[in-house]
Amino acid sequence: MFSVNHQKFMEMDELSLQKVPYFFVIDFLAENVEIYQEHEIEKEGLIIDFKELTESKETHALDKKVIWKSVPETLESFKIGFNKVQKNIRLGNSYLVNYTRKTKIETNLTLEEIFYHSNAKYKVFYKDFFVFFSPETFVKIIDGKILTYPMKGTIDASIENAAEILKNDKKEKAEHYTVVDLLRNDLSMVADEVKVDQFQHIDFIKTQQKDLYAMSSEISGTIKPEFNGKVGSIMQKLLPAGSILGAPKPKTLEIILDAEGYDRGYYTGVCGWFDGQNVDSCVMIRFIEKEGDQLYFKSGGGITHMSKLEDEYQEMKNKIYVPIH
């Protein structure tokens, strides 16, 4: 079911062992793995802006009033998959499921304009097919160390004492603990001495629609000798990303494929940049995709036994924004 593209991961290993820089894009189910060496990036219609690596040089003035409208599915429609997820959680098949939806959006911005004007740690525009502006690092590999920063839990920053409320919210806290635990276990497959360096750190995210607080943690380890320099093998072991899947992984993936009823595609996959020595990679969330002439925004959130239908529906809608100000 999770049909990994072994050939491409081996190709990634070969390049990273030879210290050849490249950019990689891997879809949610790791069926499509794209690898671009430096000279291929531009001609493939790929524009990348990773804050710490490859600032996109051009600046474009946005001289129009932004029109932005989302057409979310009804609560009744959202509820169908939500109930399937809850049933599985009650049966003990999963204790955290990341349930996502696909929402029609109407805007006068092109994907390329969204890329240039949105503000995020990681941004990629891909062949007039999709654009994303993600705040979430997947893993970083720096001098033989591997680090990950799971993000789970968001709140509207305009609420009084929002950061405190988020830190102490029982449901968000449980979700955060679960993901930290899951990713600590994941990293242990490729690294030794895995530890949580920072727990429940609060980040501020500014957007045109509203400001948000998000909660994240930091986990690190030392890459095992047999994975040294093998970026493809490391990615293959760690995917799909725990933060956008849930736990336990294999069963939760089955639940997601059944409950969502649409193809995530590249959404919630990962992409990253290997500079010849180190890696910075991100989870492809905050994601807009073009199908024909229609744009869709894919978003969602973690469901636990404490989740309330209306709150989850609201969270899915809250995340449909562009960080343009």
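Further up the page is the structure itself.
Residues numbered from 1 in each chain as written. Predicted model: local features only at pLDDT ≥ 70, side-chain atom pairs only at ≥ 80, totals over all residues. Heavy atoms only, no water.

(A) Spatial organisation of the pattern of salt bridges. In the structure shown here, the tally under the stated rule is 18 salt bridges. For the salt bridge of Lys-290 with Asp-128, the shortest nitrogen-to-oxygen distance reads 3.1 Å. Note that Lys-290 is positioned in strand β16 (residues 287-291) and Asp-128 in the loop between β6 (122-126) and β7 (130-134), a separation of 162 residues in sequence. With relative accessibility at 29%, the residue Lys-290 sits in the partly exposed group. By relative accessible area, which is 40% here, Asp-128 ends up partly exposed. A salt bridge links Lys-249 to Asp-186; its shortest N-O distance comes to 2.7 Å. Residue Lys-249 is located in helix α8 (residues 249-260), and its partner Asp-186 is located in helix α6 (residues 170-190); the two are separated by 63 residues in the primary sequence. Of the two residues examined, Lys-249 and Asp-186, each falls in the buried class. In the salt-bridge network here, residues are joined through shared partners; they are Lys-171, Glu-175 and Glu-312. (Salt bridge = Lys/Arg side-chain N within 4 Å of Asp/Glu carboxyl O. Helix = DSSP H or I, 4+ residues; strand = E, 2+ residues; numbered from the N terminus. Buried < 20%, exposed > 50% of the residue type's maximum accessible area, 1.4 Å probe, protein only.)

(B) Region of interest: the packing of aromatic side chains. The final tally for this structure, using the stated rule, is 22 aromatic pairs. Between Tyr-126 and Phe-130 the ring centres are 4.9 Å apart and the planes differ by 20°, which places this aromatic pair in the stacked class. For Phe-130, a relative accessible area of 0% puts it in the buried group. Each residue in the set Tyr-126, Phe-129, Phe-130, Phe-132, Tyr-266, Tyr-267 and Phe-287 is aromatic and connected to the rest through ring pairs, giving one cluster. If you follow Lys-123 out to its NZ or CZ, it ends over the ring of Phe-115, 5.0 Å from the centre. Here the basic side chain of Arg-264 rests over the ring of Phe-28, its NZ or CZ set 4.4 Å away from the ring centre. (Phe/Tyr/Trp six-rings, centres within 6.5 Å; stacked < 30°, edge-to-face > 60°. Lys NZ or Arg CZ within 6 Å of the ring centre and 35° of its normal.)

(C) The arrangement of helix α3 (residues 75-90) in detail. Taking 1.5 Å of rise per residue, 16 residues should cover 22 Å, and α3 covers 21 Å from first to last C-alpha, within 8% of that figure. Most pronounced at Gly-81, the bend in α3 amounts to some 30°. Phe-78, Gly-81, Phe-82, Val-85, Gln-86, Asn-88 and Ile-89 are the residues of α3 that are buried. In this structure, the buried residues of α3 make contact with β5 (96-107), α8, β17 (294-303) and α9 (309-318). (Expected span 1.5 Å × (residues − 1). Bend = angle between axes of the 7 residues up to and from the residue. Contact = heavy atoms within 4.5 Å.)

(D) Main features of the pairing of strand β10 (residues 151-156). In terms of residue burial, β10 counts as a mostly covered element, since 6 of its 6 residues are buried. Strand direction decides the pairing type here: β10 and strand β12 (residues 212-223), joined by 4 bridges, are antiparallel. When the sheet's bridge partners are listed, Thr-154 is paired in β12 with Ala-214. (Pairing = 2+ DSSP bridges.)

(E) Molecular detail of the packing of α3 against α9. Packing of α3 against α9 leaves a shortest axis separation of 10 Å and a crossing angle of 110°. Here α9 runs roughly perpendicular to α3, going by the angle between their axes. For the pair α3 and α9, the contacting residues are Leu-75, Phe-78, Lys-79 and Phe-82 in the first and Leu-309, Glu-310, Glu-312, Tyr-313 and Met-316 in the second. Residue composition of the contact of α3 with α9, by class: 6 nonpolar, no polar and 3 charged. (Axes fitted to C-alpha atoms, helices over the stretch in contact; angles between N-to-C directions. Parallel < 35°, antiparallel > 145°, perpendicular 65-115°, else oblique. Nonpolar A, V, L, I, M, F, W, Y, C, P; charged D, E, K, R; others polar.)

Distances and angles like these do not, on their own, reveal function.
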